[in-house]
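Each chain, letter by letter, is given below.
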Amino acid sequence: MSDTPCTENLAMDPPPDEFRNWLALPRDVTASILMRLDAFEILTSAQMVCSQWHNLCKDPSMWRAVHIPSPKTLRELWKLPYDLEEMCRHAVDRSCGQLVDINVGNFGTDELLRHIADSSSQLKRIRLVRCNNISDEALSEVAAKLPLLEELDIAYCSLSKEALKAVGRCCPHLKSLKFNKRGRYYEIYEYMSCQDDQLKHDEVALAIAENMSELRHLQLFGNTLTNNGVQAILDGCPHLESLDLRQCFNTISLTEDVSRRCAEQITDLRLVFDSTYDYEFDDSYDFVPDYNSLTDW
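A quick note: this is a predicted structure, and the numbers were derived from the prediction, not measured.

Basis of the calculations
Residues numbered from 1 in each chain as written. Predicted model: local features only at pLDDT ≥ 70, side-chain atom pairs only at ≥ 80, totals over all residues. Heavy atoms only, no water. Helix = DSSP H or I, 4+ residues; strand = E, 2+ residues; numbered from the N terminus. Buried < 20%, exposed > 50% of the residue type's maximum accessible area, 1.4 Å probe, protein only. Contact = heavy atoms within 4.5 Å. Areas by Shrake-Rupley, 256 points an atom, 1.4 Å probe, with all protein chains shown as cover. Core = buried A, V, L, I, M, F, W, Y, C linked by side-chain atoms within 4.5 Å. Phe/Tyr/Trp six-rings, centres within 6.5 Å; stacked < 30°, edge-to-face > 60°.

### Quick notes on the overall build of the protein chain
Logical step 1: When its secondary structure is counted, the protein chain shows twelve helices and eight strands.
Logical step 2: With 297 residues in all, the protein chain has 47% of them scored as buried.
Logical step 3: Taking all contacts inside the protein chain whose residues are at least 6 apart in sequence as the whole, residues at least 24 apart take part in 76%.
Logical step 4: Approximately 15800 Å² of the protein chain is accessible, and the part contributed by carbon and sulfur atoms is 51%.

### Here's the deal with the nonpolar core
Logical step 1: Ile102, Leu128, Leu159, Ile208, Leu215, Leu218 and Leu220 are the most contacted members of the largest nonpolar core, which totals 70 residues.
Logical step 2: It is helix 5 (residues 84–94) that contributes the most residues to this core, five residues altogether.
Logical step 3: Residues contacting Leu218, with those up to four places away along its chain left out, are Leu177, Ile208, Ile233, Leu240, Ser242, Leu243 and Asp244.
Logical step 4: In this structure, Val129, Ala155, Tyr156 and Phe281 belong to the second largest nonpolar core, which totals six residues.

### Observations regarding the packing of aromatic side chains
Logical step 1: As enumerated under the stated definition, the model contains five aromatic pairs in all.
Logical step 2: Centroid distance Tyr156 to Phe281: 5.1 Å. Interplanar angle 50°. Geometry classified as tilted. With Tyr156 in the loop between strand 4 (151–155) and helix 8 (161–170) and Phe281 in the segment after strand 8 (268–270), this pair connects stretches of sequence that are 125 residues apart. Judged on exposure class, the residue Tyr156 and its partner Phe281 are both buried.
Logical step 3: Geometrically, the ring pair formed by Phe221 and Tyr279 is stacked, given 3.8 Å between the ring centres and 5° between the ring planes. Of this pair, Phe221 sits in the loop between strand 6 (217–219) and helix 11 (227–236) while Tyr279 sits in the segment after strand 8; the two residues are 58 residues apart in sequence, bridging distant segments of the chain.
Logical step 4: Grouping aromatic residues by their ring pairs yields a cluster made of Tyr156, Phe221, Tyr279 and Phe281.

Okay, here's the thing in structure tokens:
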């Protein structure tokens, strides 16, 4: 009799009753699983698994939040076999007016933003990242159609104080604003571009202070505001609880009065040189200025 152990049964398939029939899951459980996917994964994959999943993916309640991840660079965007702007429109349409949260990447345009606003009067949160094709005029226009907006997250866009003023006037429930620039290199470039007009440094801060009195949370990573801008925000936003000034290099030396006000009023304060470990973007991104051209500004 051989001493070699028998391995014949090791390759056998498991008994049929050990297989899980995913189609037998309750509808609400399946929906909960699918809602953990982003819109791109649902539209390009999940809805094609079977007719049951396809029908479930057409339910408007599945599209209350639309997050479509976008490539970091336009070159990567152009290589995609999908039109992300059209995909986003389709996702918004599927929500049938129930959309409350949307994340738009570098595929965003004025036309897409208008379509979102026209289709989503219940919208409470908008995130715009690297949307250089969305203008001040478009955001100002759609702000009037979003009276329930509570959170606005803008990062690495070409938007200015004009759009912020319109949002502040039209969105009285706005509680959270992120208006982030590119950090280190951008700050130097921006500083040199407006060094002869110091008022420009505080344009964004003043727009916020004068039009967003109900803010609770404010992040201004890499902006150019000065002590005067911080003072204006503290005066104009009395309910502010958190303030993020990381890499706002014009605030390196806060005056004694401003420092005292921050300590008294702000529960969560992040200052210029505080760690960026929890900042989701590379703080210098992919922007490297041409220092030889700084004198041309």
